[in-house]
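Chains, contacts and geometry: an overview
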Amino acid sequence: MAAHEEFFAGIPKIQYVPDAGPGDVMCFKHYNPTEVLMGRTMEDWLRFSVCYWHSFCGTGADPFGFPTLLQRVWNEGTPMEAAKKRLRAAFEFFTKLGVKFYTFHDRDMSPEGATLEESNKNLDEITDLALQLQTQTGVKVLWVTCNLFAHPRYMNGAATNPDCHVLAYAGAQVKKGLDVAKKLGAENFVFWGGREGFHSILNTDVAAELKHMAGFFKMAARYKEKIGLKCQFLIEPKPKEPCRHQYDYDAMSVIGFLKHHGLERDFKLNIEPNHTTLAGHSYEHDIVVASAFGMLGSVDSNTGSPDLGWDTDQFPMDIRNTTLVMKTIVEQGGLQPGGLNFDAKVRRESTDLEDLFIAHIGAMDAFARGLRNAVHIIEDGLITGMVKERYSSFSHGLGQKVEDGSATLEEMEAFIKENGEPKTLYST
Ligand code: XLS
Ligand code: NI
Ligand code: NI
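Rules and cut-offs
- All residue numbers refer to positions counted from 1 along the written sequence of the respective chain.
- Each chain is given a letter, starting from A, and each ligand a number, starting from 1, according to the order in which they appear as written.
- In keeping with the model being predicted, local features are shown solely for residues with a pLDDT of at least 70 and side-chain atom pairs are shown and tallied solely at 80 or more, while totals for entire chains, interfaces and linings include all residues.
- Side-chain measures were taken over the full set of non-hydrogen atoms in the model, leaving aside hydrogen atoms and water.
- UniProt positions are given in the numbering used here, feature names are shortened, and annotations may be inferred rather than shown by experiment.
- The near set for a molecule or strand comprises every residue that places at least one heavy atom within 4 Å of it.
- What qualifies as a polar contact is a pair of N or O atoms within 3.5 Å, subject to a donor-acceptor requirement within protein and to the restriction that residues adjacent in sequence count only when both atoms come from side chains.
- What sets the accessible areas is the Shrake-Rupley method with a 1.4 Å probe; for residues, cover comes only from the shown protein chains.
- Polar here means any residue other than Ala, Val, Leu, Ile, Met, Phe, Trp, Tyr, Cys and Pro, which are nonpolar, and Asp, Glu, Lys and Arg, which are charged; Gly is therefore polar.
- Only nitrogen, oxygen and sulfur atoms qualify as donors, provided they sit within 2.8 Å of the metal or within 3.2 Å for Na, K and Ca; with water excluded from the atoms, sites may seem incomplete.
- Burial here depends on accessible area, computed with a 1.4 Å probe over protein chains only, as a share of the maximum for the residue type. Under 20% is buried, over 50% is exposed, and the range in between is partly exposed.
- A site with four donors is called tetrahedral when every donor-metal-donor angle falls between 85 and 135 degrees; four donors are called square planar, and six octahedral, when opposite donors sit more than 155 degrees apart and all other angles fall between 65 and 115; any other arrangement is irregular.
- Counting from the N terminus, the helices are DSSP H or I runs at least four residues long and the strands are E runs at least two residues long.
- A pair of strands is treated as paired once DSSP finds two or more bridges between them.
- Any residue with relative accessible area above 30% and no salt bridge may belong to a patch, with like charges joined within 9 Å and the nonpolar Val, Leu, Ile, Met, Phe, Trp and Tyr side chains within 5 Å.
- For this document, the term salt bridge refers to a Lys or Arg side-chain nitrogen within 4 Å of an Asp or Glu carboxyl oxygen.
- Orientation is described by axes fitted as lines to C-alpha atoms, over the contacting stretch for helices, and by angles from 0 to 180 degrees between their N-to-C directions.
- Here, two cysteine sulfur atoms that lie within 2.5 Å of each other are counted as a disulfide.

For the chain, the name recorded in an unreviewed UniProt entry is Xylose isomerase, with Parambassis ranga as its organism. Per UniProt, the chain carries the Sequence similarities (unreviewed entry) text "Belongs to the xylose isomerase family." Under the UniProt heading Catalytic activity (unreviewed entry), the entry covering the chain gives this text: "alpha-D-xylose = alpha-D-xylulofuranose".

In structure tokens:
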């Protein structure tokens, strides 16, 4: 990239400096990519990814205030010129930060045109450059997604829109998105049902909408098969915002939906903890639930402020949270082909370019600490041993029959007549 303008001038490649002082924020104090833990490097366990929309397209606007971040140097020129500058800036950032993956929506990487053909042409031109930059740097696409929620045509939903014409537009957009995923070698493809939900049950046919959504996913799975696209499909649950009720409420409702429609082999879940907490669960809840069903595919590693109650997409810095997330990830053998994607944005007050680095570094260090803690917990075996002991009654006799599904209610009755009350109630 030497021939091109430098966007983050004066910022060198971020290094691991474990003994750096507390005021030194432009280095990793915990994330040591090549360090091996439980047979795998930190880099491989964590598979960090930078998201394009917040970090390079975010304006700082909120429902109460105008943009604060428009001064970014890559926002200059026509929309297509800016798109190219932004992409070069992004790859400089990924490389200096030392992150091997990125994620993007079709419409944040390249501008929407007046027609589908024009939008596709823009996307072709910009993804040609993306491919070139990927080859130069070795940075890869963790996942692509289609923005099926921002354009006014999607105000009543995309796959669940009451008008099939809108559903068709979404389908055409996803077809192109899958072609782009193939072109760029994306490892996953995400569906976040931004406006798939409802505000009032009085004008909504829930059964029809859910059926249309399942049909839409089946079309996508068939097209993926047809073009020989190898990536993993992921659905990202979210309980509310923007719709009052979103269909993909949380991990368990999405798993139920997928199983009901026979889609569970085609999809896994992309869990975003800020969505999990909006659903009223604890931070790690949906990561644990998805993993328990073998459905945890990737993580949008961010956090919210539970007292605020919005999807504020903050960078995750809480070591308790990262420890519990990493414990689940290590126990399931890793996240690959998924990763930890920072679907997170700097605050609108954080207008310095440097803040983009500081935010990512802080979150990467928080996950590195979480990984070390998780490995410690797993290796010393104390908690695993306690849990095993807690369920030990299922390892023999009647418990074993319950476990393998061969027990009957008659056997339960005979067992109680012989053994009386469970001992735990009375033992001291
Ligand atoms: C919004 C979602 C979105 C998805 C991708 O709340 O988190 O950013 O990750 O469309
Ligand atoms: Ni997300
Ligand atoms: Ni979100």
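Re the site of ligand 1
Inspection of the region around ligand 1 gives Trp-53, His-105, Trp-143, Phe-149, Trp-192, Glu-236, Lys-238, Glu-272, His-275, Asp-300, Asp-311 and Asp-343 as its neighbouring residues. One of the side-chain nitrogen or oxygen atoms of Lys-238 is found 2.9 Å away from an oxygen atom of ligand 1. Contact distances for ligand 1 include 2.8 Å between an oxygen atom and a side-chain N or O atom of Asp-311. Protein chains shield 94% of the accessible area of ligand 1, which is 290 Å² for the free molecule. Taken together, the residues that form the shell around ligand 1 break down as 4 nonpolar, 2 polar and 6 charged.

Some remarks on the coordination of the nickel ion (ligand 3)
Only Glu-272 (OE), His-275 (NE2) and Asp-311 (OD) from the protein reach the nickel ion (ligand 3) as donors, at distances of 2.1 to 2.3 Å. Each donor residue of the nickel ion (ligand 3) belongs to the same chain, with the gaps between them written as E-x2-H-x35-D. The metal-metal distance between the nickel ion (ligand 3) and the nickel ion (ligand 2) comes to 3.9 Å, with Glu-272 coordinating both. Overall, His-275 belongs to the buried group, its relative accessible area being 3%.

As for the coordination of the nickel ion (ligand 2)
For the nickel ion (ligand 2), the full set of protein donor atoms is Glu-236 (OE), Glu-272 (OE), Asp-300 (OD) and Asp-343 (OD), at a range of 1.9 to 2.2 Å. Here the nickel ion (ligand 2) is ringed by 6 donor atoms whose angles at the metal span 75 to 177°, and the overall shape comes out octahedral. Mapping the donors of the nickel ion (ligand 2) onto the primary sequence gives the spacing E-x35-E-x27-D-x42-D.

Overview of the pairing of strand 10 (residues 267-271)
Sheet faces and side chains relate simply in a regular strand, where the side chains alternate between the two faces. Here strand 10 lies mainly inside the structure; 4 of its 5 residues are buried. The sheet contact formed by strand 8 (residues 232-235) and strand 10 spans 3 bridges and is parallel. Opposite Ile-235, over in strand 10, you have Leu-269 as the bridge partner.

Overview of a nonpolar patch on the surface
Nonpolar side chains collect at one region of the surface, where Leu-382, Ile-383, Met-386, Val-387, Tyr-391, Phe-394 and Val-402 lie side by side and expose about 660 Å² of accessible area between them. Looking at the nonpolar patch element by element, the count peaks at 4 residues for helix 13 (residues 382-390). Residue position: Tyr-391 is located in the loop between helix 13 and helix 14 (397-404). By relative accessible area, which is 46% here, Tyr-391 ends up partly exposed.

With respect to the environment of Leu-409
For Leu-409, the position within the fold is in helix 15 (residues 409-419). Considering only alpha carbons, one finds Leu-409 and Phe-101, 308 residues apart in sequence, at a separation of 53 Å.

Quick notes on the sheet that holds strand 6 (residues 188-191)
Strand order in the closed barrel formed by 8 strands is 3-4-5-6-8-10-11-12, with parallel pairing between adjacent strands. Sheet twist, expressed as the average angle between the axes of neighbouring strands with direction ignored, equals 30°. As paired strands, strand 5 (residues 140-145) and strand 6 are joined by 3 bridges and run parallel to one another. Among the inter-strand pairings, Trp-143 is bridged to a residue of strand 6, identified as Asn-188.

Observations regarding the state of the cysteines
Counting across every chain of the model gives 0 disulfides. In this structure Cys-146 is not part of a disulfide, and its nearest cysteine sulfur, from Cys-231, lies 11 Å away. Here Cys-146 falls in the buried class, since its relative accessible area comes to 5%. Unpaired in this structure, Cys-243 has its nearest cysteine sulfur neighbour in Cys-146, at a distance of 18 Å. Cys-243 sits in the buried class, given a relative accessible area of 6%.

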